[in-house]
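An overview of the molecular structure
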Amino acid sequence: QVHLVESGGGLVQAGGSLRLSCLVSGGTFTRHAMGWFRQAPGKERAFVATISAGGSQLDYADPVKGRFTISRDNAMNTVYLQMDRLEPEDAAVYYCAYRRGWSSRRASSEYAYWGQGTQVTVSS
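To keep things clear, this report deals only with the structure shown in the data block. The structure displayed is predicted, hence computed values, not measured ones.

Here we take up the overall build of the protein. Per the secondary structure count, the protein includes zero helices and eleven strands. Along the protein, helices and strands appear, N-terminal first, in the series β-β-β-β-β-β-β-β-β-β-β. Here the C-alpha radius of gyration of the protein, 13 Å, is about what a compact globule of 124 residues would show, namely 14 Å. Across its three principal axes, the protein shows a C-alpha extent of roughly 40 × 25 × 25 Å. Looking at the protein as a whole, 44% of its 124 residues are labelled buried. Within the protein, contacts between residues separated by at least 24 positions form 59% of all contacts whose residues are at least 6 apart in sequence. Working note: accessible area of the protein is about 6200 Å², and carbon and sulfur atoms make up 47% of it. The distance from the centre of the 13 positive side-chain charges to the centre of the 10 negative ones in the protein is 6 Å.

What the rule picks out here adds up to five aromatic pairs. Between the aromatic rings of Phe37 and Tyr111, the centroid separation amounts to 5.2 Å while the plane-to-plane angle is 75°, which identifies the pairing as edge-to-face. Of the two residues, Phe37 is situated in strand 4 (residues 34-39) and Tyr111 in strand 10 (residues 111-114); the sequence distance between them amounts to 74 residues. As far as burial versus exposure is concerned, Phe37 and Tyr111 are alike and both buried. A centroid spacing of 4.9 Å and a plane angle of 55° characterise the contact between Phe37 and Trp114, whose relative ring orientation is tilted. In this pair, Phe37 is assigned in strand 4 and Trp114 in strand 10, connecting sequence segments 77 residues apart. Assessed through its relative accessible area of 2%, Phe37 is described here as buried. Note on Trp114: relative accessible area 27%, which makes it partly exposed. In this structure an aromatic cluster arises from ring pairing among Phe37, Phe47, Tyr111 and Trp114. The residue whose ring lies beneath Arg45 is Tyr95, and the NZ or CZ to ring-centre distance is 4.0 Å.

With that settled, the discussion passes to the state of the cysteines. Put plainly, a disulfide is one covalent bond tying together the sulfur atoms of two cysteines. Across all of its chains, the model carries one disulfide by this definition. A sulfur-sulfur distance of 1.9 Å marks the disulfide that ties Cys22 to Cys96. A torsion of 45° about the S-S bond marks the disulfide between Cys22 and Cys96 as right-handed. Of this pair, Cys22 sits in strand 3 (residues 18-25) while Cys96 sits in strand 9 (residues 92-99), and the two are 74 residues apart along the sequence.

Spatial ordering of the open sheet is given by 1-3-8-7, a layout of four strands whose pairing is antiparallel. The sheet is open, and its two edges are formed by strand 1 (3-7) and strand 7 (68-73), each paired on a single side. On average, each strand axis in the sheet is inclined to that of its neighbour by 15°, with strand direction left out of account. Of the strand pairs in this sheet, strand 7 and strand 8 (residues 78-83) are connected by six bridges, and their pairing is antiparallel. Across the sheet, Thr69 pairs through a bridge with Gln82, a residue of strand 8.

We now examine the nonpolar core. In summary, soluble globular proteins display a tendency toward joint burial of nonpolar side chains. Counting residues in each nonpolar core, the largest one holds 33 residues, and the members touching the most others are Leu4, Met34, Trp36, Leu81, Met83 and Tyr94. Counting residues per element, the ones that place at least two in this core are strand 3, strand 4, strand 5 (46-51), strand 7, strand 8, strand 9, strand 10 and strand 11 (118-123). Take this core: its biggest share by element is five residues, from strand 9. Not counting residues within four places of it along the chain, the set of residues in contact with Leu81 comprises Leu18, Arg19, Leu20, Trp36, Val48, Ala49, Phe68, Thr69, Ile70 and Tyr94.

Procedures and definitions
- Residues numbered from 1 in each chain as written.
- Predicted model: local features only at pLDDT ≥ 70, side-chain atom pairs only at ≥ 80, totals over all residues.
- Heavy atoms only, no water.
- Helix = DSSP H or I, 4+ residues; strand = E, 2+ residues; numbered from the N terminus.
- Rg over C-alpha atoms; globule rule 2.2 N^0.38 Å.
- Buried < 20%, exposed > 50% of the residue type's maximum accessible area, 1.4 Å probe, protein only.
- Contact = heavy atoms within 4.5 Å.
- Areas by Shrake-Rupley, 256 points an atom, 1.4 Å probe, with all protein chains shown as cover.
- Lys, Arg positive; Asp, Glu negative; His and termini not counted.
- Charge placed at Lys NZ, Arg CZ, Asp CG, Glu CD.
- Phe/Tyr/Trp six-rings, centres within 6.5 Å; stacked < 30°, edge-to-face > 60°.
- Lys NZ or Arg CZ within 6 Å of the ring centre and 35° of its normal.
- Disulfide = S-S within 2.5 Å.
- Pairing = 2+ DSSP bridges.
- Axes fitted to C-alpha atoms, helices over the stretch in contact; angles between N-to-C directions.
- Core = buried A, V, L, I, M, F, W, Y, C linked by side-chain atoms within 4.5 Å.

Printed below as a string of structure tokens:
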């Protein structure tokens, strides 16, 4: 069984930064792509970023391109989301997800395991 635990969320002022972490246990982390998604109140869960198993394929949703950076440390079984220049519209619960395959994908249906989420609040 694969278990994901996110951390690093919190309250930040607009223009500030946060770094989310997701520690994965179980499974074979180095063979699987990872993704970050977010869900704001009253909205559907949305793709944010994804990274392939080896870290060479990166993809970002348009609203976060140039502000967010996804990365992974395969030795630590951890994936990160560095979020800079945060905007009030970025406020949401952020989830990391573990894909069965190695290549990066945007669709949430491609991901088999999910964390419990971490809250990000951005004040204007």
